[in-house]
Amino acid sequence: MGHTALEELRGDIDVLRPRIIPCLLIKNGGLVKTVNFGNPKYVGDPINAVRIFNEKEVDELVVVDIDASTQNREPNYTLIKNLAAECRMPLCYGGGVKTVEQIQQIINLGVEKVAISSAAIDNPTLLSNACNRVGRQSIVVVMDVKKSADKYEVYTHNGIRATKLHPVEFIKRIEPFTGEVVVNSIDRDGTMKGYDIELVKQVRDVIGVPLTVLGGAGSLTDIVDLIRGFGIIGAAAGSLFVFKGAYRAVLINYPSRADKDALILQSIK
């Protein structure tokens, strides 16, 4: 294939490119990884991880402070400022966000998107007010979902608080006031056993805004299967991009540009 043809192919891929997104969890200022939202394992310094992801030219980065909401405290604006200053890719931050003023402050620090979870349920007017203040494209709603008795349910506060809301019901409620939805499987978190495809299908069938899926990715094959099944979608992962090998050695990793192109071409065959 000649140079011009290759560039044209890459241009076509860029237009239709699903996003492959590392998700970093912060606890006590450090980078951790959980399994089923528990047993956090320290895996390094978040700023150092961002620098490595910069070099690897990741599509986007999600950072979530998993302590903020459960401890009922403000977002760590110093950490957010440092992360935003270091990031060369679009950054989405979540954790402890409860007010429009907090959202505005985070955006002012250089963050492109703000993720909201429990506050989207506790304060029904927050999303609409936030959209009016910073724009719908800057608001992301995160659904942490657990399955019990063959039924999916949205949970908040690190999977502790049940809401009695089915994901589809929740999406219909919040979709007019969000630019993106992240569906995160608590049951698959950190297991590296693959995404919950049935959960994704139920959500995908009703959603009209960009969707990102998190929880369970253990290989690039899982990402290929997700994209092949659901098209243009955000494929997010935590363990996949911070661990390597059967013994889960800590190693920040991410597919190269050539590997991403090959992965996406494989998914559309």
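Cut-offs and rules
- Counting starts from 1 at the beginning of each chain's written sequence and moves along it residue by residue.
- The predicted origin of the model limits local features to residues at a pLDDT of at least 70 and limits the giving and counting of side-chain atom pairs to 80 or more, whereas totals for whole chains, interfaces and linings rest on all residues.
- Hydrogens and waters are ignored; side-chain quantities use all the structure's heavy atoms.
- For the purposes of this entry, the term helix denotes a DSSP run of H or I that reaches at least four residues, the term strand denotes a run of E that reaches at least two, and both are numbered from the N terminus.
- Note on method: radius of gyration uses C-alpha positions; expected globular size equals 2.2 Å times residues raised to 0.38.
- Throughout, exposure labels follow a simple rule: accessible area from a 1.4 Å probe, protein chains only, divided by the maximum for the residue type, with under 20% read as buried, over 50% as exposed, and the rest as partly exposed.
- Residue contacts are defined here by distance: any two heavy atoms, one from each residue, within 4.5 Å place the two residues in contact.
- Only the protein chains shown count as cover for residues, and the accessible areas themselves come from Shrake-Rupley with a 1.4 Å probe.
- Only four residue types enter the tally: Lys and Arg on the positive side, Asp and Glu on the negative side; His and the chain ends are excluded.
- Note on charges: their place is set at NZ of Lys, CZ of Arg, CG of Asp or CD of Glu.
- This arc is built from the directions going out from the helix axis to the C-beta atoms.
- A cavity here means a set of points on a 1 Å grid, drawn over the protein atoms and nothing else, where a 1.4 Å probe fits but cannot get out; a pocket is an open set with protein on both sides within 12 Å along at least five of seven lines, and a residue lines either one if it has an atom within 4 Å of a point.
- Grid points are joined across faces, edges and corners, and a volume is the space filled by probe spheres set on the points.
- Residues are grouped as follows: nonpolar covers Ala, Val, Leu, Ile, Met, Phe, Trp, Tyr, Cys and Pro; charged covers Asp, Glu, Lys and Arg; every other residue, Gly included, is treated as polar.
- Think of each axis as a best-fit line through the C-alpha atoms, taken over the contacting stretch in the case of a helix, with angles from 0 to 180 degrees between the N-to-C directions.
- Relative orientations are named as follows: roughly parallel for angles under 35 degrees, roughly antiparallel for angles over 145 degrees, roughly perpendicular for angles from 65 to 115 degrees, and oblique for any other angle.
- Each crossing is labelled by how the near helix is turned from the far one, with a counterclockwise turn of less than a right angle marking it left-handed and a clockwise turn marking it right-handed.
- Any Lys or Arg side-chain nitrogen located within 4 Å of an Asp or Glu carboxyl oxygen qualifies as a salt bridge.

Participant: Looking at this model, I keep getting lost on the overall build of the protein. Mind explaining?
Facilitator: Each helix and strand counted, the protein has 11 helices and 14 strands in total. What you see for the protein is a C-alpha radius of gyration of 18 Å, in line with the 18 Å of a compact globule of 269 residues. Seen along its three principal axes, the alpha-carbon backbone of the protein occupies a region of about 55 × 40 × 40 Å. Relative to its full complement of 269 residues, the protein shows a buried share of 54%. Here the contacts in the protein between residues at least 6 apart in sequence split such that 66% fall between residues at least 24 apart. Counting only carbon and sulfur atoms, one obtains 50% of the accessible surface of the protein, whose full area is about 12200 Å². The positive charge centre, built from 32 side chains, and the negative charge centre, built from 31, are 3 Å apart in the protein.

Participant: So what exactly am I meant to see when it comes to helix H8 (residues 197-204) here?
Facilitator: All buried positions along H8 are accounted for by Leu199, Val200 and Val203. Angular distribution of buried residues about the axis of H8 spans 100°; they occupy a single face of the element. Packing partners of the buried residues in H8 comprise strand E7 (139-148), strand E8 (151-156), helix H7 (167-174), strand E10 (180-185), strand E11 (211-214) and helix H9 (220-230).

Participant: Whenever I open this one, the layout of surface pockets confuses me. Can you help?
Facilitator: In this approach, a probe sized like a water molecule rolls over the atoms, and the result shows the empty space that is left. Here the largest pocket defines a volume of roughly 690 Å³. Together, 49 residues line the largest pocket, and Leu25, Val64, Ile66, Asp144 and Asn184 are the ones closest to its centre. Residue contributions to the lining of the largest pocket peak at four residues, all from strand E1 (residues 19-27). For the lining of the largest pocket, a count of residues per class yields 22 nonpolar, 19 polar and eight charged.

Participant: Whenever I open this one, the packing of helix H2 (residues 46-55) against helix H3 (residues 77-86) confuses me. Can you help?
Facilitator: A packed helix pair is summarised by two numbers, namely the angle formed by the two axes and the spacing between the axes. For the pair H2 and H3, the least separation of the axes is 9 Å and the interaxial angle reads 15°. With respect to H3, the axis of H2 lies roughly parallel. Helix-helix and strand crossings are classified by hand; for H2 and H3 the assignment is right-handed. The segment H2 lies against H3, with Pro46, Ile47, Val50, Arg51 and Asn54 engaging Leu79, Asn82, Leu83 and Glu86. Among the residues making up the contact of H2 with H3, the classes are represented as five nonpolar, two polar and two charged.

Participant: How do you make sense of helix H6 (residues 126-134) when you look at a structure like this?
Facilitator: Side chains three or four residues apart in an α-helix point the same way, a direct result of the helix having 3.6 residues per turn. All of the buried residues in H6 are Leu126, Leu127, Ala130, Cys131 and Val134. Along the axis of H6, the buried residues cluster in a sector spanning 130°; they form a single face. Where H6 is buried, its residues meet helix H4 (100-108), strand E6 (113-116), helix H5 (118-122), E7 and H7. Looking one or two places after H6, you find Gly135, whose phi comes out positive at around 100°.

Participant: Whenever I open this one, the pattern of salt bridges confuses me. Can you help?
Facilitator: Oppositely charged side chains are able to pair whenever their charged atoms sit close together. Under the definition given, this model contains 14 salt bridges. Across the pair Lys113 and Glu60 runs a salt bridge whose closest N-O atoms are separated by 3.1 Å. Within this pair, whereas Lys113 is found in strand E6, its partner Glu60 is found in the loop between H2 and strand E4 (61-65), the two being separated by 53 residues in sequence. Glu60 sits in the buried class, given a relative accessible area of 5%. Among the charged side chains, a network of salt bridges with common partners joins Arg19, Glu60, Lys113 and Glu180.

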